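# Geometric and topological summary
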Amino acid sequence: MASRMHIHDLIDDSAALANLCHRLSQSPFIAVDTEFMRENSYWPELCLIQIADANEAAAIDPMAAGIDLKPLLDLLTENDEVLKVFHAGGQDIEIVYNLTGKTPFPMFDSQVAAMALGQGEQIGYSNLVESYLGISVDKGARFTDWSRRPLDKRQIEYAIGDVTHLSTIFPKMLERLRKTGRGDWLDQEMERIGNPANYENDPEQAWRRVRVAGRKPELLGRLKALAKWRELEAQGKDLPRGRIIKDETLADLAGTPPKKQADLARVRGLSPAWANNDIGARLMAALEQAVPMAAAEMPMRDDRKPGMGKEGALVADLLKLLLKIRARDIDVAAKLLARTEDLEALAGGQREGLAILEGWRFEQFGRDALALVEGRLAFAVKNGKLKMTRAEDEA
């Protein structure tokens, strides 16, 4: 825990929260974490918010009667003078987006920063704390039901520890990034993570998360209609989508649609009551409104991507090998340098809109990746170590 840091009692009233946010708004950065439950709901239920700068830390009870979270939400989404520091903050950002329609800005994610510093692709929080502070994180309260009240002292201390440690680690990471010249590397990744589109729950796109055997437009059109129906049902009832109907059942219905509602009684994964109840009727209505998926929306098979025949797949494999070599040589997580889909697109002939052909990624990897695809770079073994060599050098 940071030395001489003031730890507040649990904040559960609006005045204390407003005063805290006013003070924190003067800080250059704040560390942020949340505790939530989502096992029994569609929307994650926010149960606790932890926040800290270099001087003070607090846990905030968003479930307290009458508490006004606006000062905190404004600090997170409207104040661009304060950097918001998360660790693997995707779900925390999703919660803020659900509450405000905005994402925190500006933002720093210590897990992504660790990737730029060669500390692995998805370093866990406890490992990060151990690495920088030599402290073993107490995981005893990890599986707490954060929605139950009252929270005891140990639970609150455990939760606040996440941000007190993070507020101590952040300056150390920042200094290392400055020394290595890699601070700018994070900008593009932070922009991607902070894009509000990542956190939208668009029912029209819900079908993309369901695996189905077959690629006929009629089948995929039914899947799209059913997935949209399920998403709206889940949102309206605030239940996990799997509680409405499981993915496998949804895929089966899209593949073999029932002719009438009574047939739902024989569908594996549905109770016989669906043959007569209102939700079964709404499912049938969704199927009846389904239309074949438009050609422009049809997903592209991996083996049918432009230029991605057998030869293209081999080129993609060579690019993946190059990525491993380059990540090793500059001590950075390969996942931060390039995504598999970008490598496959490059192998298939795409040259526009690829992150690896822009900015720092181009300098560190993309230039050589392009040279490899275009025959100007080759693999060689020197002194027992795999290296890259330029064709002109060999000539």
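Structure shown above.
The following refers to the structure shown.

## Focus on the overall build of the protein
- Each helix and strand counted, the protein has 16 helices and eight strands in total.
- C-alpha extents for the protein along the principal axes are approximately 75 × 65 × 35 Å.
- A total of 395 residues make up the protein; the buried ones form 47% of that total.
- In the protein, the proportion of contacts linking residues at least 24 apart, taken out of those at least 6 apart, comes to 62%.
- Working note: accessible area of the protein is about 20500 Å², and carbon and sulfur atoms make up 49% of it.

## Some details on a negative patch on the surface
- On the surface, Glu-39, Glu-45, Asp-145 and Asp-238 cluster together into a patch of negative charge.
- The topology assignment puts Glu-39 in the loop between strand S2 (29–37) and strand S3 (45–52).

## Thoughts on the packing of helix H8 (residues 217–237) against helix H10 (residues 247–255)
- Put simply, H8 and H10 touch, their axes get as near as 8 Å, and they point 140° apart. Classified by the angle between their axes, H8 and H10 sit oblique to one another. Considering how the two elements wind past one another, H8 and H10 form a crossing that is right-handed. Each of Leu-219, Arg-222, Leu-223, Leu-226, Ala-227 and Arg-230 in H8 lies in contact with H10, whose residues at this interface are Asp-247, Leu-250, Leu-253, Ala-254 and Gly-255.
- Counted by class, the contact of H8 with H10 contains seven nonpolar, one polar and three charged residues.

## Details of helix H6 (residues 153–180)
- Its 28 residues place the ends of H6 41 Å apart at the C-alpha level, agreeing with the 40 Å of an ideal helix rising 1.5 Å per residue.
- By the largest-angle criterion, Gly-161 marks the main kink of H6, which is about 30°.
- The residue sitting at the N-terminus of H6 and contributing the capping side-chain oxygen is Asp-152; that oxygen lies 3.1 Å from the backbone nitrogen of Arg-154.
- Once H6 ends, the next one or two residues include Gly-181, with phi positive near 70°.

## Structural notes on the layout of surface pockets
- Of the pockets and cavities examined, the second largest pocket occupies roughly 520 Å³.
- In terms of lining, the second largest pocket is formed by 24 residues, of which the most central are Val-112, Glu-189, Arg-192, Ile-193 and Lys-335.
- Contributing elements (two or more residues each) for the lining of the second largest pocket: helix H4 (110–116), helix H7 (185–193) and helix H13 (334–337).
- The biggest single contributor to the lining of the second largest pocket is H7, with four residues.
- Counted by class, the lining of the second largest pocket contains 10 nonpolar, six polar and eight charged residues.

## Looking at the packing of helix H12 (residues 310–330) against helix H15 (residues 359–373)
- Following both chains from N to C, one finds H12 and H15 inclined at 145°, their axes separated by 10 Å at the closest point. Crossing angle aside, the handedness with which H12 passes H15 is right-handed. Residues Val-315, Leu-318, Leu-319, Leu-322, Leu-323, Arg-326 and Ile-330 of H12 pack against Gln-364, Phe-365, Asp-368, Ala-369, Leu-372 and Val-373 of H15.
- Of the residues in the contact of H12 with H15, the class split is 10 nonpolar, one polar and two charged.

The rules behind the values
Residues numbered from 1 in each chain as written. Predicted model: local features only at pLDDT ≥ 70, side-chain atom pairs only at ≥ 80, totals over all residues. Heavy atoms only, no water. Helix = DSSP H or I, 4+ residues; strand = E, 2+ residues; numbered from the N terminus. Buried < 20%, exposed > 50% of the residue type's maximum accessible area, 1.4 Å probe, protein only. Contact = heavy atoms within 4.5 Å. Areas by Shrake-Rupley, 256 points an atom, 1.4 Å probe, with all protein chains shown as cover. Patch = residues over 30% accessible without salt bridge, like charges linked within 9 Å, V, L, I, M, F, W, Y side chains within 5 Å. Salt bridge = Lys/Arg side-chain N within 4 Å of Asp/Glu carboxyl O. Lys, Arg positive; Asp, Glu negative; His and termini not counted. Charge placed at Lys NZ, Arg CZ, Asp CG, Glu CD. Axes fitted to C-alpha atoms, helices over the stretch in contact; angles between N-to-C directions. Parallel < 35°, antiparallel > 145°, perpendicular 65-115°, else oblique. Left-handed = near helix turned anticlockwise from the far one by under 90°. Nonpolar A, V, L, I, M, F, W, Y, C, P; charged D, E, K, R; others polar. Expected span 1.5 Å × (residues − 1). Bend = angle between axes of the 7 residues up to and from the residue. Polar contact = N/O pair within 3.5 Å; in protein donor to acceptor, adjacent residues only side chain to side chain. 1 Å grid on protein atoms, 1.4 Å probe; cavity = no way out; pocket = protein on both sides within 12 Å on 5 of 7 lines; lining within 4 Å. Points joined across faces, edges and corners; volume = space filled by probe spheres on them.

By themselves, these observations are geometric and do not establish any function.
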